[in-house]
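Descriptive structure summary
Read off the chains here:
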Amino acid sequence: MAQEQHGINVKTVLTGLFAIAVTFFAFYLLHHFTADMSLSEVITDIRNTPVSYILLAALMTIISFTAIACYEILAVRTAAPGRVSYATAAWAGIAGFAISDVAGFHVLTGGALRYRVYSQKGLEIPLIGQIVALSWMSLWLGLFFLIGTALAFYPGGVLVLKALPDIAVRGVGVAVLVLFAFYFIWVATGDRTIAVRGVRINLPRIGTSLLQLLAGVVDIAASAATLYVLMPADAVGSISGFFVIYISAVILGAMSHSPGGLGVFEATMMAGLGLTGRSDVLGALVLYRFIYYFLPLVPVALTLLFFEVVRGHKAIRQSIGEIGKASESLIPPLAAGLAFVGGLVLLLSGSLPASALRHEWIKSALPLPFVESSHLLASLAGIALLVLAHALLRRRESAFIMTLLFLGAGAVFALTKGLDYEEAGLLVVIILFLLPFRAAFYRKSGESLFAVTPSWLAIIAITIAAAVWLGFFAYRHVEYSNQLWWEFSWNGDAPRFLRTSVALVAVLFALGLHMILNRRAIQIPADEPVPDSVRRLVEEAPDPDATIALLGDKHFLVSDDESAFLMYGVSGGSFISKGDPIGSREQAEALAWRFREMADQGGYRTVFYAAKSEYLPLYLDMGLSILKIGEVARVELPEFTLDVPQHKKLRYARNRGSKDGLTFSIVPKANVPSILPELKAVSDAWLAIKSGGEKRFALGYFKEDYLSCFDCAVVRKDDEIVAFANIIRGAQMHQISIDLMRYRPKVSSVMMDFLFAELLLYSKDKGYHWFDLGAAPLAGLADHPLATSWNRIGTMIYQHGEEIYHFEGLRSFKEKFGPVWSPNYLACPGGLAVPKVLFDVTTLISGGRLKAVKR
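Residues numbered from 1 in each chain as written. Predicted model: local features only at pLDDT ≥ 70, side-chain atom pairs only at ≥ 80, totals over all residues. Heavy atoms only, no water.

It is worth spelling out the overall build of the protein at this point. Looking only at helices and strands, one finds 31 helices and 16 strands in the protein. In the protein, the share of contacts with a sequence separation of at least 24, taken over all contacts with a separation of at least 6, comes to 75%. When the accessible surface of the protein is split by element, carbon and sulfur atoms take 63% of a total near 38,100 Å². (Helix = DSSP H or I, 4+ residues; strand = E, 2+ residues; numbered from the N terminus. Contact = heavy atoms within 4.5 Å. Areas by Shrake-Rupley, 256 points an atom, 1.4 Å probe, with all protein chains shown as cover.)

This is the structure in structure tokens:
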């Protein structure tokens, strides 16, 4: 049976808990700030807002998002000039900010969307990281410049700083502006680079930097003006004070990671302006959130739909075609967003009073218990949609079907609980929108539909908190009593809300418990019988690496005609093939595609570890990225001899070993079982001086059944075995190698050189063409400023990572045999998936997550 190890990212959990804590505290403050107002008053104030104010706010929103598009264009022009069209960059910026503004967790939402867009254009992760960082830099430049200007020139206009002397406030503002001046002088005097979380960012020159500042100022000024024009005329003091408080609210909302700064932004604005208890102010904040946060999502969603419908049509201009191509993979996120909106509507509706007139209409048609149940079930359908939205992101077929069912059920419950035909209509529209995209959700297996990440659970918790706060606000005029919980009546909206709130909190705790108990496992390879067809194909394979299949620690895919096989393991979120498929080329390629499909169906990453050049075109056709992970050393045996100057050290080792009493011999595999106890003693002594224990999957480990499959080279001293290596042979005398090599420490200083010299001479004498010395990790990677980021990082580790692993020492040892070096590759999904793949591979080879970390 496969063993499993689990783990949760502590940083992600803490980020989610922080977002929940900050948002809950903000709603607590809002509850006190709104103690003297009612929901009806807020609705009345919203309805009384002049249409001209709403239109002006919409215009300010358009200006703000135009500036956001300029953020992205300037960032792309600086980080990747000429590689992405300005239309694509503008689209990525607008869509990314629109989604992250609403969803929260800005790096996980807007950053993920940008990655999807830019990776389609061939940009690498560091370049995408630079673009995102430069785009956000424009925003922060605008924020702090406006704060500095407001404090320096209008120090008395900030209500929360009234207690401080004007000269102190002005001094802070001047200091901020002086820092800006130094920054612009700094970038004007040369090429500047900074590092942010390991990402090196080339800063723009002075001209572009000033344009960044201008775009940031326009964006912040326009977004602040959107709220300013909606606020009551007597509610805002000086413009400078309003700007400082608005910017503070934006910053605190972003730091909370809550969706759109929900609750945090409102509480900060009301507290900062000293306008608690005013329904018209809360109405302006609600209207602002709708206009600035939610309305931009409409054109984003419609644009995604448009490009999905028209993609592939040659009549579309190239720049638009680029956007459409980049949007192809965005249907699952869009569907998840719509499902989330549907769930949010049901939850908020369950927190609000029903129309008395509509209740009168349904009294004659439905019994009260049916209405009571519909109210509860509508809210439960809402939270189910929030959970299913996460599964839609993973393209789960069952999630798509369940989403349609819950949307339909929610529409029915919306009608039967209070004739809420507006909500029912919206849910039906979402269903109709999703139906054409059934093919985008094809994965039939994977994690449970109710398995969510800590970040997603935090978003659900914040959404429920918002719904519960809205309910308490709507029913603050109802005097609490224990009898409310058990009151069932046509006018019992408050009791229905209380019972539903308890049910929602219970479901939330159940989701958290499910997340903890059902985390995606890291599967440690289990012993698995090796099929006879695999054993036959291993014997027929020219490459002796195929013999690693006999370990029995892998799963196998075998072609129907048994002419090819593929061996793989599962670790974390990756299906990892050890090397290329083996056997008939035609059937091997079919198996590789089958492996790719199997991984994709389960929502796993497809990985080919230690791949050779021969199959790289196939992996590229699969959409995988190719990373060089080192080089393999092979000695051409017909040309090998010790009688050359470069092999002087090997001659010395052979002669010195003989003087030390070392003797070399080959034990046939039939006799290996009789020497296994001695081999085990040597292996244990060797492991005692190594850290981390046995490796697996890609390397052999001491297993008696495995070692008994091969001849064994042994070195004896005084008739005692002091070193051994199992010999693995390729078919047609093409290649020979060793897998498990162990020796007793402190027996001879030339032990390894002696053993390898004898093995090479033995292999040459037997007529083999190549001797495989194995791989040198990270060797041979391109060391050039224009090389890929992976090559530069790998080269840096190779040159400076001797304390972690003897990279250069291993290559130097193998170089003494005069080998021919050939590249070794990793084929896997590119971009943000690469670090996860590398950790999954390391975990699989090391035998578990904790061992991988120790190594």
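From this point, the narrative continues.
This part takes up the packing of helix H14 (residues 331–350) against helix H18 (residues 421–434). For the pair H14 and H18, the least separation of the axes is 10 Å and the interaxial angle reads 165°. Classified by the angle between their axes, H14 and H18 sit roughly antiparallel to one another. As for the relative orientation of H14 and H18, their crossing is left-handed in sense. Every residue of H18 that contacts H14 at Leu 334, Ala 335, Leu 338, Gly 342, Val 345, Leu 346 and Ser 349 is listed here: Glu 423, Leu 426, Leu 427, Ile 430, Phe 433 and Leu 434. In terms of residue class, the contact of H14 with H18 is built from 10 nonpolar, 2 polar and 1 charged. (Axes fitted to C-alpha atoms, helices over the stretch in contact; angles between N-to-C directions. Parallel < 35°, antiparallel > 145°, perpendicular 65-115°, else oblique. Left-handed = near helix turned anticlockwise from the far one by under 90°. Nonpolar A, V, L, I, M, F, W, Y, C, P; charged D, E, K, R; others polar.)

Attention now moves to helix H30 (residues 833–846). The first and last C-alpha atoms of H30 sit 20 Å apart over 14 residues, in line with the 20 Å expected at 1.5 Å per residue. When H30 is considered as a whole, its buried residues turn out to be Ala 833, Val 834, Val 837, Asp 840, Val 841, Thr 843, Leu 844, Ile 845 and Ser 846. (Expected span 1.5 Å × (residues − 1). Buried < 20%, exposed > 50% of the residue type's maximum accessible area, 1.4 Å probe, protein only.)

Looking now at the packing of aromatic side chains. Taken as a whole, this structure holds 28 aromatic pairs when the rule is applied. Ring geometry for Phe 595 against Phe 608: centres 5.5 Å apart, planes inclined by 65°, an arrangement best described as edge-to-face. Here Phe 595 is found in helix H22 (residues 585–601), whereas its partner Phe 608 is found in strand S9 (residues 605–611), with 13 residues between them in sequence. Linked through ring pairs, Tyr 568, Phe 575, Phe 595, Tyr 604, Phe 608, Tyr 615 and Tyr 619 together constitute an aromatic cluster. Across from the ring centre of Tyr 293, 4.7 Å away, lies the NZ or CZ of Arg 289, which sits over that ring. Over the face of the ring belonging to Phe 702 we find Lys 680, whose NZ or CZ atom lies 6.0 Å from the ring centre. (Phe/Tyr/Trp six-rings, centres within 6.5 Å; stacked < 30°, edge-to-face > 60°. Lys NZ or Arg CZ within 6 Å of the ring centre and 35° of its normal.)

To continue, consider a nonpolar patch on the surface. Among the surface-exposed residues, Leu 56, Leu 59, Ile 62, Ile 63, Leu 211, Leu 214 and Val 218 lie close enough to one another that they form a single nonpolar patch of about 570 Å² accessible area. For the nonpolar patch, the secondary structure elements donating two or more residues are helix H3 (51–79) and helix H8 (206–228). Structurally, the position occupied by Leu 59 is in helix H3. According to the relative accessible area criterion, Leu 59 is partly exposed, its value standing at 42%. (Patch = residues over 30% accessible without salt bridge, like charges linked within 9 Å, V, L, I, M, F, W, Y side chains within 5 Å. Salt bridge = Lys/Arg side-chain N within 4 Å of Asp/Glu carboxyl O.)

Moving on: a negative patch on the surface. Negative charge collects at one region of the surface, where Asp 532, Asp 560, Asp 561, Glu 562 and Glu 586 lie side by side. Structurally, Glu 586 is set in helix H22. By relative accessible area, Glu 586 is classed as exposed at 63%. (Lys, Arg positive; Asp, Glu negative; His and termini not counted. Charge placed at Lys NZ, Arg CZ, Asp CG, Glu CD.)

With that settled, the discussion passes to the nonpolar core. Core analysis: the largest hydrophobic core is formed by 141 residues, its most contacted members being Tyr 118, Met 231 and Met 269. For Met 231, the residues in contact, after removing those within four places along its chain, are Val 236, Phe 242, Leu 273, Leu 275, Val 281 and Ala 284. (Core = buried A, V, L, I, M, F, W, Y, C linked by side-chain atoms within 4.5 Å.)

Attention now moves to the confidence of the model for the protein. Taken over all residues, the pLDDT of the protein has a mean of 79, while the share at 70 or more is 78%. Put simply, helix H13 (residues 318–327) is where the protein has its lowest mean pLDDT, 41, and strand S12 (residues 712–717) is where it has its highest, 93. Across residues 798–804, where pLDDT falls below 50, the model places 13 contacts with residues more than four positions away in sequence or in other chains. Counted against residues more than four places away or in other chains, residues 849–855, with its pLDDT under 50, gives 19 contacts. (pLDDT = per-residue confidence, 0-100.)

Position of Phe 441 relative to the elements: it lies in the loop between H18 and helix H19 (454–474). The sequence separation of Phe 441 and Leu 393 amounts to 48 residues, and the corresponding C-alpha distance is 9.1 Å. What Phe 441 contacts, discounting residues up to four positions off in sequence, is Ile 331, Pro 332, Ala 335, Leu 392, Arg 395, Arg 396, Glu 397 and Phe 400.

Moving on, we come to the pattern of salt bridges. As enumerated under the stated definition, the model contains 19 salt bridges in all. We note a salt bridge from Lys 628 to Glu 631, for which the minimum N-O separation is 3.3 Å. Residue classification places Lys 628 among the buried residues on the basis of a relative accessible area of 17%. Glu 631 sits in the buried class, given a relative accessible area of 11%. For Asp 684, the salt bridge goes to Lys 680, with nearest N and O atoms at 3.0 Å. Placement of both Asp 684 and Lys 680 in helix H25 (residues 672–688) is noted, with a separation of 4 residues, approximately one turn of the helix. Overlapping salt bridges bring together Glu 372, Arg 496 and Arg 499 as one network.

Turning next to the packing of helix H16 (residues 368–393) against helix H17 (residues 397–418). One can describe the packing of H16 onto H17 by two numbers: an axis separation of 8 Å at closest approach and a directional angle of 155°. Considering the angle they form, H16 stands roughly antiparallel to H17. For the element pair H16 and H17, the recorded crossing hand is left-handed. Of H17, the residues touching H16 (which contributes Phe 370, Val 371, Ser 374, His 375, Leu 377, Ala 378, Ala 381, Ala 384, Leu 385, Leu 388, Ala 391 and Leu 392) are Ala 399, Phe 400, Met 402, Thr 403, Phe 406, Leu 407, Gly 410, Phe 413, Thr 416 and Lys 417. Split into classes, the residues belonging to the contact of H16 with H17 amount to 16 nonpolar, 5 polar and 1 charged.

Here we take up the environment of Asp 553. Looking at the element boundaries, Asp 553 is found in the loop between helix H21 (532–540) and strand S5 (555–558). A distance of 3.0 Å separates a polar side-chain atom of Asp 553 from the backbone nitrogen of Phe 697. (Polar contact = N/O pair within 3.5 Å; in protein donor to acceptor, adjacent residues only side chain to side chain.)

Let us look at the pairing of strand S10 (residues 625–636). Where S10 and strand S16 (residues 820–828) come together, 9 bridges link them in antiparallel fashion. Opposite Ile 626, over in S16, you have Ala 827 as the bridge partner. (Pairing = 2+ DSSP bridges.)

A word on helix H11 (residues 279–294). Counted at 1.5 Å a residue, the expected span for H11 with its 16 residues is 22 Å, and the 21 Å between its end C-alpha atoms agrees. Of all 16 residues making up H11, 12 are buried, and the element is well covered by its neighbours. Burial in H11 covers these residues: Ser 279, Val 281, Leu 282, Gly 283, Ala 284, Leu 285, Leu 287, Tyr 288, Arg 289, Ile 291, Tyr 292 and Tyr 293.

To continue, consider the pairing of S16. Relative to S16, S9 runs antiparallel, the two sharing 3 bridges. When the bridges of S16 are listed, Ala 611 appears paired with Tyr 825.

Before going further, it helps to spend a moment on the side chain of Ser 571. Mapped onto the fold, Ser 571 is located in strand S6 (residues 564–571). Relative accessible area serves as the criterion here: at 0%, Ser 571 is assigned to the buried category.

One non-glycine residue, Ala 610, lies in the positive phi region at around 65°. The phi dihedral of Lys 746 falls on the positive side, at around 65°, and the residue is not glycine. Along the polypeptide, Lys 746 turns up in the loop between strand S14 (735–743) and helix H27 (751–766). Judged by its relative accessible area of 88%, Lys 746 is exposed.

Inspection of the secondary structure assignment puts Leu 151 in helix H6 (residues 125–153). Residues Leu 151 and Val 176 lie 25 residues apart in sequence; the distance between their C-alpha atoms is 9.2 Å.

Glancing now at the side chain of Asp 219. The topology assignment puts Asp 219 in helix H8. In this structure Asp 219 touches Ser 64, Ala 67, Ile 68, Tyr 71, Leu 139 and Tyr 292, once residues within four positions along its chain are discounted.

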